[in-house]
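What follows is the residue order along each chain.
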Amino acid sequence: MVFLHQQNPSRKRPSASFVPLLLPSKTLKSSEDGVDAVEKMVSILAEGGCTLVNPSGPLCPDHHKLRRHLSSHFASSSDDRTHFLSGFSFYIQSPQNLLRVIASSNGGSPVSIRNDSLVRHLLLVPSIQLDVQNMLLEKLPEYFDVPASLPLEEDVARLIINQFRWLDFIEDPNVFTDKLMQVISICPLDLKKEIIGSLPEIIGDQNNKTVVDSLEQMLQEDSAVIVPVLDSFSNLNLDVQLQEQVITIGLSCIRAIDAEHMPYLLRFLLLSATQTNVRRIISRIREQLKFVGMSNSRGIERGKLKGKLVVDNKEASILDALRSSLQFKNILCQEILKELNCLENPRDHKVIDIWLLMLIHTDCNSMRKSIEKIFKKKIIEGCIEEVLLDQCICGKKELVQEYFPFFLSLSEYLLACKEQKAREFGIHMYSRLFEEFVDTYSRQEVLGAVITHVGSGVSSEVSSALQLMVLLASKHAEELIPLSSHINGLLEYLEGFTMENLHMVYEVFCNMALSASSITGSFRLSIANELLMIVRKQVNHPDLKYKRMGLIGVLKIVSCLADGVNKSWSSPFQKSNSEEALELLKISLESCKQFVLPLIFFYDELTTLLECRVLQPAIMEWIGKHVGEFESLFLSDLEAGQLLNKITYGGLEGELWMNLDGEISPICLNILPLASSSSQSDSLQFLPAYFSLLSTFERVTNQGSLGGIDALLGCALHLPSPKYFTTTGWKSLSGKQKQIICLSLYYAVNWIRELLNAFCTQVAGKFNCTSQATKEDIISKLLKRLTNLVFLESLLNHSIRMYPVSLPQLHLHIEHSVSSLLSQPNHTGHLEESEPRMTYVNTSSNKRKHGKILKTSVQADAEGKNRQPTLFDVLRKAGKLVNQEVQNEVISRLSSIEKISESGDERSSISNDPEPIEVSAVSQALEAQRFRFRPLLVHCFYILTFLKNHNSSCLDPAAELPMCLYLLHDLHYKLDYFTYLGKQLSSRSINSVGFTRMTVNEFLSNIRSLFPSLKSLLNSALGILKEGDETCQEHWKFQSVAAGNPDISNHVISKPSVSTMVFKEVLNGFSKMLNLHDIQRNESVLSDLLEAFQSIKTPDDVTSDGPSFSCGAIESLYIGACSFVESVIDTACSLSFTLASASLFTLESAVISVQKVFNKLEANSKSMQSKFSQILPALRRRVETSARKLLKHNWNDENLENGWKNKGEIVQKILRIYLEYSESTSELVVELACSIFPQVSSQENLGEDDLHGFTTLCSATFLPWYRVLFEVNLTILNKLVKEVHSEKSLPGVQPENVETHLIGMQKTVNVTVALVNMSRTCNRVTVHALAVKYGGKFIDSFLKAFDFLEVHFQAHNEAIILLVKELQKATRTIQTLCSEAKGSKQMAITCKIPATKRSLERFLFRVKALLHATSSHCTFWMGNLKHKDLAGQVVSSQVYIDDQNDIVDEDPEAAISEDETAAVASSHRETE
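For every chain, the first residue of its written sequence is number 1, and the numbers climb from 1 along that sequence. Totals for whole chains, interfaces and linings use every residue, but because this is a predicted model, local features are given only for residues with pLDDT of at least 70 and side-chain atom pairs only at 80 or more, for both listing and counting. Note that the side-chain values use all heavy atoms of the structure and ignore hydrogens as well as water.

1. Quick look at the overall build of the protein chain
Part 1 of the argument: Across its full length, the protein chain carries 66 helices and nine strands.
Part 2 of the argument: Remark: exposure states derive from per-residue accessible area (1.4 Å probe, protein chains only) relative to the maximum for the residue type, with buried under 20%, exposed over 50%, and partly exposed in between. The burial tally for the protein chain puts 56% of its 1472 residues in the buried class.
Part 3 of the argument: Within the protein chain, contacts between residues separated by at least 24 positions form 78% of all contacts whose residues are at least 6 apart in sequence.
Part 4 of the argument: On the protein chain, roughly 62800 Å² of surface is accessible, and the fraction owed to carbon and sulfur atoms is 50%. By definition, any uninterrupted DSSP run of H or I lasting at least four residues is a helix, any uninterrupted run of E lasting at least two residues is a strand, and each is numbered from the N terminus. Here, residues are in contact when the closest pair of their heavy atoms is within 4.5 Å. Accessible surface area values rest on a Shrake-Rupley calculation with a 1.4 Å probe, where residue burial reflects the displayed protein chains alone.

2. Some details on the packing of aromatic side chains
For any pair of aromatic rings, the description consists of the separation of the ring centres together with the inter-plane angle of the planes.
Part 1 of the argument: In summary, the pairing rule links any two rings of Phe, Tyr or Trp, Trp by its six-membered ring, whose centres are within 6.5 Å, and it sorts them by plane angle into stacked for under 30 degrees, edge-to-face for over 60 and tilted for everything else. Using the criterion set out here, one finds 36 aromatic pairs in the structure.
Part 2 of the argument: With 5.1 Å between their ring centres and 55° between their planes, F74 and F84 make a pair best called tilted. Residue F74 is found in helix α2 (residues 63–76), and its partner F84 is found in helix α3 (residues 78–91); the two are separated by ten residues along the sequence. The two residues F74 and F84 agree in class, both being buried.
Part 3 of the argument: Ring centres 6.3 Å apart and planes at 80° place the aromatic pair F1346 and F1403 in the edge-to-face group. Here F1346 is found in helix α62 (residues 1346–1351), whereas its partner F1403 is found in helix α65 (residues 1393–1413), with 57 residues between them in sequence. Judged on exposure class, the residue F1346 and its partner F1403 are both buried.
Part 4 of the argument: Three or more aromatic residues link up through ring pairs in this structure, and these residues are F602, Y603, F630, F634, F686, Y690, F691 and W751.
Part 5 of the argument: Two conditions define a charge sitting above a ring: the NZ of Lys or the CZ of Arg must be within 6 Å of the ring centre, and it must be within 35 degrees of the ring normal. Its end group placed over the ring of F434, R443 keeps NZ or CZ at 4.1 Å from the ring centre.

3. Things to note about the pattern of salt bridges
Pairs can form between side chains of opposite charge whenever their charged atoms are close.
Part 1 of the argument: Should a side-chain nitrogen of Lys or Arg be within 4 Å of a carboxyl oxygen of Asp or Glu, the pair is scored as a salt bridge. Applying the stated rule across the entire model yields 48 salt bridges.
Part 2 of the argument: Close ionic contact of D80 with K40 constitutes a salt bridge, the shortest N to O distance being 3.5 Å. Placement of D80 in helix α3 and of K40 in helix α1 (residues 31–47) is noted, with a sequence separation of 40 residues between them.
Part 3 of the argument: When the shortest N-O distance is used, the salt bridge between R753 and E793 registers 3.5 Å. Of the two residues, R753 is situated in helix α40 (residues 735–759) and E793 in helix α41 (residues 772–802); the sequence distance between them amounts to 40 residues. As far as burial versus exposure is concerned, R753 and E793 are alike and both buried.
Part 4 of the argument: The structure contains a network of salt bridges with shared partners spanning R279, R286, E335, K338, E339 and D353.

4. Concerning the environment of N208
Part 1 of the argument: Secondary-structure assignment places N208 in helix α11 (residues 208–221).
Part 2 of the argument: Expressed as a C-alpha distance, the spacing of N208 and N237, which sit 29 residues apart in the sequence, is 8.1 Å.
Part 3 of the argument: Among residues more than four places away in sequence, those in contact with N208 are L236, N237, L238 and L242.

5. Let's talk about the packing of helix α18 (residues 330–342) against helix α19 (residues 351–363)
Part 1 of the argument: The geometry of α18 relative to α19 is characterised by a closest axis approach of 11 Å and an angle of 140° between their N-to-C directions. The angle between α18 and α19 falls in the class oblique. The crossing of α18 and α19 is left-handed. Of the residues in α19, those in contact with C333, I336, L337 and L340 of α18 are D353, L356, L357 and I360.
Part 2 of the argument: Only Asp, Glu, Lys and Arg are considered charged, only Ala, Val, Leu, Ile, Met, Phe, Trp, Tyr, Cys and Pro nonpolar, and every remaining residue, Gly among them, polar. Per-class residue counts for the contact of α18 with α19 are seven nonpolar, no polar and one charged. To get an axis, a line is fitted to the C-alpha atoms, and for a helix only the part in contact is used. The angle between two axes follows their N-to-C directions and goes from 0 to 180 degrees. If an angle is under 35 degrees, it is roughly parallel; if it is over 145, roughly antiparallel; if it lies from 65 to 115, roughly perpendicular; otherwise it is oblique. Less than a right angle of anticlockwise turn of the near helix away from the far helix marks a crossing as left-handed, whereas a clockwise turn marks it as right-handed.

6. Here's the deal with unusual backbone geometry
Part 1 of the argument: In this structure, W166 is a non-glycine residue whose phi angle is positive, near 55°.
Part 2 of the argument: Relative to the helices and strands, W166 resides in the loop between α7 (156–163) and α8 (173–185).
Part 3 of the argument: The phi dihedral of Q703 is positive, around 55°, even though this residue is not glycine.
Part 4 of the argument: Tracing the backbone shows Q703 in the loop between α37 (681–701) and α38 (711–714).
Part 5 of the argument: Residue class for Q703 comes out exposed when judged on its relative accessible area of 73%.

7. Quick word on the side chain of S272
Part 1 of the argument: Relative to the helices and strands, S272 is located in the loop between α14 (262–271) and α15 (278–288).
Part 2 of the argument: Accessibility expressed as a relative area gives 13% for S272, which makes it buried.
Part 3 of the argument: Of the polar contacts made by the side chain of S272, one reaches the backbone oxygen of F268; its length is 2.6 Å.
Part 4 of the argument: Among residues more than four places away in sequence, those in contact with S272 are Q243, I247, N277 and K329. Two N or O atoms form a polar contact when they lie within 3.5 Å of each other; inside protein one atom must be a possible hydrogen donor and the other a possible acceptor, and for residues adjacent in sequence the pair counts only when both atoms belong to side chains.

8. Remarks on the packing of helix α45 (residues 961–979) against helix α48 (residues 1011–1027)
Part 1 of the argument: Running from N to C, α45 and α48 point in directions that differ by 130°, and their axes come no closer than 12 Å. The angle between α45 and α48 falls in the class oblique. The interaxial crossing formed by α45 with α48 has left-handed handedness. Here α45 contributes L961, C964, L968 and L971 to the contact with α48, which in turn contributes L1014, L1017, A1021 and I1024.
Part 2 of the argument: Here the residues of the contact of α45 with α48 are counted per class, giving eight nonpolar, no polar and no charged.

9. Overview of the sheet that holds strand β2 (residues 642–643)
Part 1 of the argument: Between any two strands, pairing holds if DSSP finds at least two bridges. The five strands are arranged β2-β1-β4-β5-β3 in an open sheet whose pairing can be described as mixed. Looking at strand neighbours, the two that pair on one side only are β2 and β3 (654–657), the edges of this open sheet.
Part 2 of the argument: Inspection of the sheet shows strand β1 (residues 635–639) paired to β2 by two bridges, in the antiparallel sense. The residue bridging E639 from the neighbouring strand is Q642, located in β2.
Part 3 of the argument: Relative to the sheet, α40 contacts β3, β4 (667–670) and β5 (716–720), its axis offset from that of β5 by approximately 160°.

10. Notes on the environment of M429
Part 1 of the argument: Inspection of the secondary structure puts M429 in helix α24 (residues 420–436).
Part 2 of the argument: When the C-alpha atoms of M429 and D390 are compared, they prove to be 8.5 Å apart, with 39 residues separating the residues in sequence.
Part 3 of the argument: When neighbours within four sequence positions are excluded, M429 is seen to be in contact with F375, L389, F407, L410, S411 and L414.

11. A few points about α3
Every α-helix carries 3.6 residues per turn, so stepping three or four residues along brings you back to the same face.
Part 1 of the argument: In a helix, the anticipated span is given by 1.5 Å times the number of residues less one. Relative to the 20 Å expected for 14 residues at 1.5 Å per residue, α3 spans 20 Å between its end C-alpha atoms, a close match to the ideal helical length.
Part 2 of the argument: Inspection of α3 places D80, F84, L85, S86, G87, F88, S89, F90 and Y91 among the buried residues, and these make up the whole buried set.

12. A word on the pairing of β1
Part 1 of the argument: Across the five residues that make up β1, a large majority, four, are buried.
Part 2 of the argument: Alignment of β1 against β4, held across three bridges, turns out to be antiparallel. Bridge pairing in β4 places L635 opposite L669.
Part 3 of the argument: In this antiparallel pair of consecutive strands, β1 and β2, the connection spans two residues, and A640 shows a positive phi of 60°.

13. Here's the deal with the confidence of the model for the protein chain
Part 1 of the argument: This prediction gives the protein chain a mean pLDDT of 76; 76% of its residues lie at or above 70.
Part 2 of the argument: Per-residue confidence from the prediction method is given by pLDDT, with values spanning 0 to 100. Note on residues 293–311: pLDDT under 50 across the span, and 30 contacts to partners over four residues away in sequence or across chains.
Part 3 of the argument: Segment residues 949–953: pLDDT under 50, and six contacts once partners within four positions in sequence are set aside and those in other chains are kept.

14. Re the environment of K1160
Part 1 of the argument: Inspection of the secondary structure assignment puts K1160 in helix α54 (residues 1137–1160).
Part 2 of the argument: By relative accessible area, K1160 is classed as partly exposed at 38%.
Part 3 of the argument: When residues no more than four places from it in sequence are discounted, the contact partners of K1160 are H1077, Q1080 and R1081.

15. Observations regarding the pairing of β5
Part 1 of the argument: Of all five residues in β5, five are buried, a share of seventy percent or more.
Part 2 of the argument: With four bridges connecting them, β3 and β5 associate as antiparallel partners. Each residue of the ladder has a partner; that of L656, found in β5, is H718.
Part 3 of the argument: Sheet topology places β4 next to β5; three bridges connect them, and they run parallel. The residue of β5 that forms the bridge with N670 is H718.

Structure representation (C-alpha cells):
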C-alpha cells in the first residue's frame, strides 16, 4: 500500500522557483495549472508504488510494477498521460527537482545499493519515452556552463546523458537520434566528446547511417572530436558499407587532425583493416602521414644538446600505435611489404617506410629475413637514400633508443652484403648510430659489431668495416680514444688483411695517436707508444708478411705526420713530427737492405706517398740524397756513344742496345754487367722501383718536369750481343749464360716500362711544364721505347720458351707476398750456387752532358745464397688458381730446367733452321709470370694518340699495330679487373693491373680521350685484313732499326695475326667499357665512348616511324654505335668467322647496355623512356638479323681458320643470341627442332650439303646446336611456369590466358620429344647423355605446372591429356637410353640416370594423382615396359610371357586410347 504524503500550502515552493527557461507545454496556462499537473503526476506515481517526495530521493521499491502501471494507465487514458507529462515538465523546471529525478539513490536501504533514477524508469515506459527524452534534451543546454571540476553527482548535464545509456529499447530511434545530434552540435567540447563517445551505449545498433553521417559532419567542423568519434565508430555494429564509409572518413582526417590525436586514428584504421581495404589503408597512411616535421630537431645546436634531446611523445605514441597494430594483425605486415615492393620511384619512399620496416623487423621474427632483403633491394635500386635514414635517426636519440638493437642488426646485415651500395648504406647507418648514441654502452656495441665484420674473413665486408673505422677515426678520433681497448681488436686480424686494408687500419690508429696529443691523461702517450712499438717490431721482422705490415704502418704514420700541421706526435722524447717521421723512414730502409722484395715495396709505397702528400723539407732532403745514388749504382759512362771497355761478363759479350741519343749519349744502363754479377745482381731487381721513386721525386721538386733526368729516356742499354739469338749462338751457350740473357732481357723490359710510366706524364696533359719542342722530342722517344718494349718482350718470350726461367718478382702485390721468399736474404731466384760469382767495378765519371744525375758512393748490397724456388711453388703459395694446362706446362718447363742443371753440357734442342720470332705471337711463356712485371700506368695509353703523327718515315699502318696491340692487351687486363671487381679473378687479370687503388670513374676519366683512337685502330686493322696476308717486313725492320733495336734476321711480324688480334681487342674493350656499372651512371663519358664509334648512316628500321632524335642525344649515339658495329659485321663476314662472331658479341653488348640504361631511367624521364622503348625493339631485331646472317653465311676454309674445330662454343653463343633476340623464340625453337633438325638427325646426313640453310649446322657443330635448343626450350618452359604461378592458377583466370599457356606448354613438349627422339638415329654417346640430362630437367620443370593443370583439367582435359600423351614418347626413349647405358657401362650417361629416374617416377605418380583426383571418365593404369632398344626392337632376353604385360606399350601412339584411358610407364618397375 502506497501512501501519498500531502504537503501543506505554506510549505509550497514559491512560484518564482518554478519559472521555466522553456515553456514546457502549451496546455500549461498558469502556475496554478502547473501545480495541479504536478499533483496529478505525483498521484499517478504513487498509484504505481513510487513515492516522489522522499528525503533521500524518489522511492520506488518495485520498478517493474511502476512501469506496468504507467503503461496500462496511459494506454487507457490519454488525458492522464498529457497531465503526467505536463506535471513532470513543470516539476523538473526546478534544478533541485531535476537533480532528484535523475540522481540514483539507495532507496533508503541500509546497504549501499544504487538503484536507477526515476527518469530511468520513466524512459522504459514506451508511451512516454520520446516525450521524456525530448524534455531532458531540451533541459540539457541549461546546464552547459558548469565547472569542469564538478563531480558527477552534481553535474546535471552528464547525469542527463547517463539516463540514455543502455536503455532496453528506443521507441522512435530516428526522432531521438536526430534530436540528440542537434543537441550535440551545440554542446561545449568536453560534453560533446563525452556524448559522442557514449553514442553506441545510447543509440545502440539502430540508425547507424544517421549517426555516421552526423559524426562525419562534426569532424569536418571540428577535428578535435576525432578521438570520441573513432571510439564510437569502433563500438558501433556497422555493416560493410558503413564500415568502408567510416574508414574513408578516418583516412580523410590524417592530414587534418593534430599530431596528438594521430595514434588513435592510426590504431583505428589499422585494426579496421580487412583483406579488401588493407592496401588502401596502408597506401593512404604512407602518403598522408607526416611523420617527419612533428619534432624535427636538426635545427637545434648539436653541440649543446647532442645525445640529450627529449623524445617527442607524439612521435613515440605514433610508433607505439603502429607497433601494437602490426602485432595484432599479421595481414598488415604482409600488405606493407607488398606495398613497398611495388614502389619503384625514389620519390615515393618516405621516412615512415623505414619505420614500418623496422617495426616489422622488431616484432616479426619470421619476417626478418624478408625485411632485410627488401631493405637491401631498395637501397641497391636507390629508392631508400641516406637522407631518409638521417631523418629517422638524427636528433631522435630517445625515440630510436628502444629500437637501437634492431637498427644495429640491420646495419650488420647491410655491411655483410656483397653489393657495394648496400655496404655503403650500412657504413652510413653505423656512423649515424655512433654519432647519435654518445653513451659508452651504445658505442661499445657499435664498435663491437664493426670489429666482428673485420674478423669475418670476407674481403668486401672487411674492407667496408675498415672504411667505417677510418671514417669514425677521422671525425671522432678523440671520442674513440677511451674506447681504444675495443679498437685494438683490429690488430688481431692484421695477418689476413690486404694491402688496402692495412692502410686503413694504420690510418685509424694514426688519427687516434694524433688526437691523443691534445688530451690529458693516460691515453696521451700510450696510443702513440703502442703504435710505434708495433710497427718497429714488424719492420724488423724477417718474415715478408710482417715486414710489409710494418712498412705500411711506417709510411702511414709519416703521411699522417705530414698532415698534422697543428698537432704534434705524442713522442716520449719530445721529437718534432719531421724528426719522428725521418727516424722511422731510416729504420725502415735499413731493415729492407738485406731483402729485395721489401725494399721494392718500400720504394713503391714511398713513391705513392710522394704523389699524394706534401712532406716536410727534412724528409724531402733525405729522399733526395737517397735517390741521388742512382747514378753510381746503375749507370756507366760512354765515350762518343760507345763503351769505354769491351769486356765479357760471365762469358757473354755485351753491346749497346737502343741508344736513342746516338753519339752524344753520355751514359748507359748497366744491365748485363749487373745481371752477371752475383754481388750486384740484386740491384737490378729493385731498379724499376728505385727509378719510379727518383722520377716522382724529380716531378714533385721540379713543378712536374722531368728535365733533370731526361738523359735516362734516351740512354743505351748494355745487353748481351744479338749474335746469341741466332740458332748457332744460342746452342753455344751454357745454362747459366742462357739464364743471364733471359734475365737481362727481363730487366730491360721492366726498365722501359718504368720509363714509359715516368715520361708519359710529360705528354699526357697532366703537367704543363714542357715546351712544345721538348714535348715532341719526348713523344718521339716514347714511341721508340714502345717499339723497344715490343721487340724485347718478343725476344724474352722466345728465350724463355726455349729455356724456361723463373723470373724474379719486381712488383710486390699483396696477393703474391710469400713469406718463404725471404727465408734467405737477397733473394733473386736466378743464379745457381755452383757457378762462380762475377764482380763489377763501376767506372762512371763525374761528368754528364745530359741530365742532372746526383752522384754518391757506391753501396753494395749484402751477399747471400738462395735456394731456387720453382715457379709452380710460387704460384701455389701465392694462392693463384691456374688451370691444369698451365700447371702441366709449368711443370714440364721446370723439369727441363732440372735436367739442364744436372748436366751442364746438355743443350736445348733447337733445330738447325732458325725459328722465327713473331712479334704478333701471344707471349704465352710469359703469361704465367706476368704478375712479376712492373705494371704500366693508365697514362701510358696516351701513346695510342701519338702513333700516326710520328711515323713519317713509314706510312704502312701495319708497322704500328704491334705497339698498339701491346697497349691494348694491357687495357684488356685493366678492364677485366673493373668488370669482375670483387670476384675471383685469374692471375692474368689481377697481376697485370697494378693500379688497384684507382676507382672505375678515375680510370674512365683517364682513358676518355683515347676513345677516338680505338676506332681508328679498328679501322686500320680492318683495312689491313682486307688487303690480304702479305707481310711488311721492310717497314717493320726500318721502324725497329730507327728505334735502336738490333737487327735479328729471324725477327718477323705477321700482319694478319697482329691485325686480327687488334681487331678483337678493340671490340672486346668497347664491349666491356659499355657495360661497366659506373659508365652507365656517367652520361658524359658514355656519350664520348659512343660518339667515338659512330656510323655514317643510320639503319632505316630504327629511324622510320620512330621518335625524332636530337644530335648528340644518348639514344641517338647508341643507334649510331650499333649501326657501326653492324657494318663491321658485314665486312668481317667476308674475312673471318672469328672476327664476325666477335663483332656480333659486341653488338649484343651494346644492346644490353641500352637495356641497362633504359632500366635505370626514372619515372620523371617520360620522354627518354618513350624513345628508348621504341629503339630497343629495332636494335634487338638487328641483333637477330646479324646472328642469323652468321649462322647461314657460306663460310669457306679461308675464313674458318682450321675449319669448325674448336668453334663449338662460339657457334653455341651465336645460336643462343639468335634465339633470345627473336620476336617469337618458342616458334623458332619449334621450327629448328621439329623441321630443321630431322634433316640432319643421323650422323650420315651431317654432310656438307645443307638443305636447311644453316651452314653452321654440320657434324662438327651438331652438339652445340643440340645443347642450345634443349637449354632454350627449358628456359621457355620455366618462364611459362613462372607466369602461371603468378596468376595463382585459379579457375577465375581468363580462359584465353589458360589456352595460351597450354599451347605454349604443348610447343615445349613437342620440342623435347623431337630432340630426345633424335637419339634413336644418332649414335653419339654425348647426344644420348644430353637427352637424358635435359630430358630429366624438362620433366622437373613440367611437374611444377601440375597445380595449374589440375585446376583447369575439367575445362581443358583434352589438351592436358594430349600433353601427357605426347610427353610419354620422350619418357620412353629416355628409359631406353638409361637401360642401354647401364648395359654398356657408358659413364657419361650413367652419372645422370639417378636424377632423371627420380624425375620420371614423380611424373608418373603426379599423372596418376591428376587423373584420379578429377571427375572425368579417364582410367589410369600402368604396367611394365618391354625392354626395347632404340630401334624399337624387343630385346630377346626380356620377352614377356604374361599376356597382361604384352598389352603395355606396344604402340607408342596408343598409350592413351580413344576412350581416354591413360597409361603411363613406370620408371621404377623397368624390366632390364
